[in-house]
Every structure is written in structure tokens, then in C-alpha cells.
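Next come the chains, spelled out residue by residue.
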Amino acid sequence: MIHIASLVVGPLQSNCHILSNDAREALVVDPGDEAERILRYLDSEDLTVMGYPLTHGHVDHVSALAEMYAQRPAPVGMHPIDLAWSFSERNQIPPVYPSPTAPPEVARLYEEGQTWLDAGWTYRVLHTPGHSPGSVSFYFEEEGILIAGDVLFRGSVGRSDLPGGNPRTLSESLRRFAELPDDTRVYCGHGPSTTIGEEKRTNFFMQNLPGSARS
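Residues numbered from 1 in each chain as written. Predicted model: local features only at pLDDT ≥ 70, side-chain atom pairs only at ≥ 80, totals over all residues. Heavy atoms only, no water.

Asks: Help me understand the packing of aromatic side chains, please; the structure alone is not making it clear to me.
Replies: Each aromatic ring pair is described using two quantities: the centre-to-centre distance and the angle formed by the ring planes. On inspection of all chains with the given rule, the structure shows six aromatic pairs. Ring centres of Tyr110 and Phe138 lie 5.3 Å apart, and the angle between their planes is 70°; this geometry places the pair in the edge-to-face category. With Tyr110 in the loop between strand E6 (108–109) and strand E7 (115–118) and Phe138 in strand E9 (residues 136–140), this residue pair connects regions lying 28 residues apart in the sequence. Residue class for Phe138 comes out buried when judged on its relative accessible area of 1%. Relative to Phe140, the ring of Trp121 has its centre 6.3 Å away and its plane inclined at 75°; by these criteria the two rings are edge-to-face. Taken together, the residues span a long stretch of sequence, with Trp121 in strand E8 (residues 121–127) and Phe140 in strand E9 at a distance of 19 residues. Take Trp121 and Phe140: they sit in the same class, and that class is buried. Among the aromatic residues, those joined into a cluster by ring pairs are Tyr110, Trp116, Trp121, Tyr123, Phe138 and Phe140. (Phe/Tyr/Trp six-rings, centres within 6.5 Å; stacked < 30°, edge-to-face > 60°. Helix = DSSP H or I, 4+ residues; strand = E, 2+ residues; numbered from the N terminus. Buried < 20%, exposed > 50% of the residue type's maximum accessible area, 1.4 Å probe, protein only.)

Asks: What should I look at first to understand the sheet that holds E7 in this one?
Replies: In any sheet, the strands associate via hydrogen bonds between backbone groups, in a parallel or an antiparallel arrangement. With mixed pairing, the six strands of this open sheet are ordered in space as E7-E8-E9-E10-E13-E14. Each of the sheet's edge strands pairs with one partner strand only, and the pair in question is E7 and strand E14 (194–195). Pairing between strand E13 (residues 185–188) and E14: two bridges, direction antiparallel. The residue bridging Val186 from the neighbouring strand is Thr194, located in E14. (Pairing = 2+ DSSP bridges.)

Asks: What am I meant to see in the nonpolar core here?
Replies: Side chains that are nonpolar tend, in soluble globular proteins, to be buried together. Ranked by size, the top nonpolar core spans 24 residues in total, and within it Ile18, Val28, Ile38, Leu42, Tyr52, Met68 and Val76 carry the most contacts. Mapped onto this core, the elements with two or more residues apiece are strand E1 (3–9), strand E2 (14–20), strand E3 (25–29), helix H1 (35–44), strand E4 (48–53), helix H3 (65–71) and strand E5 (76–78). In terms of residues, this core owes the most to one element, H1, which gives four residues. Not counting residues up to four positions away in its chain, the partners in contact with Ile38 are Leu7, Cys16, Ile18, Val28, Pro31, Asp33 and Met68. Ranked by size, the runner-up nonpolar core spans 17 residues in total, among them Phe153, Leu170, Ile196 and Met206. (Core = buried A, V, L, I, M, F, W, Y, C linked by side-chain atoms within 4.5 Å. Contact = heavy atoms within 4.5 Å.)

Asks: Even after reading the chapter, I still don't get the environment of Val96, so can you show me in this structure?
Replies: Mapped onto the elements, Val96 comes out in the loop between helix H4 (80–86) and E6. Through-space distance from the C-alpha of Val96 to that of Pro11 is 7.2 Å; in sequence the pair is 85 residues apart.

See below:
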């Protein structure tokens, strides 16, 4: 069984997804801000952190990571392309987000097609660039869940005009999503969750892709 709590954190209202099982083990995806609030939630649910999977390197998705790691150490994972710049002066939004502090170690360097086993779940890494060059998504096939980061939102998509973004590669990433089962539940980096089928039916950016309702 997988339980997912999505905490909306920081000035840009980013989602920090906390995935937990019945054994009280958890993955904390994209701890973007408000570390103390995330820690309070973990304490309230008596959860043990088993890892910090990061969908991409933007400051609003990683700014609480170092503090979280200091208090709840667990393996951190990120694609190496985004790791190259995420914890540097290139990654800030003054005055609300200074450059994020790096954790002591990023133990997992994500690549396309990798599979990981954490807290009893097996999930696959999909390299889904376009919003950032090292954006990844996490596909829990058995549970029918996709953690999409800022690639896909309900009714929209992530920006592709930021440094390292690319509208063509974003479209290719959406094309991959369209091939997943329609009932796949999508947890986005901002905003509410959705399903692949709903986005294929209603999201302009998912139209006319292979496997979509209009293809």
C-alpha cells in the first residue's frame, strides 16, 4: 500500500510529495522549502525517511534538502545534468530563494531506465527533459503512479523558457507520458494531481500525441 501526502511549500507553492507505506517508511520527493514543516509532518506520522528522490534541480524543489538531510539522513538522488548547477549561484530567485545549500552527498545519480527499490516499492526513472535538462519522473508501475515533477501539470505543463529548458524535448517527454495507462495517477510539482487519461482528453499540450484521445 502506498500513501501520498502532498505538502505545498514555499513562495512558489511547490509540492513536496511524501510517499509512505504501512511500515511507516517514507520517500520525501522534492523538499523545496519549509523544512521544519516537513519534519513536523514526518514526526506526526512517525515516518522514517528512506530517501530523497529529486525530480529536478530548480531552487523551489531543493531548498529544504540540506536541512532535511541533516536531521533525517537518507540517500539523495538527482540526474547528474541538474546536479552540475543546482547547488550553485546559477540557481536562485532573489530575494525569496537564495542559492540552495548542497547536501553532504548525492548518492544516486539518476539515468534513464534505472529501477530502484525503496520502502518495498520498485519504481523506474524516466529521463523527461524540457523543463530542465536533467528533469526525471518516477514511475511506480505496480501502483499506477507517476511523480512528474514540473513536466506535466493538471491542464498545463512546466515552463520550457528557463535556462536549460527546451519546448521540443518537453513535447517528447509528454509523448512518453501519453503512452502510459490512462488511469495512471500523476502527482505534479505544482498544483493538484491528475491522471494521464484526463490530461490526454483536456490538456492542450497533450493533444495529437501518440496514444492521446485525438491521435
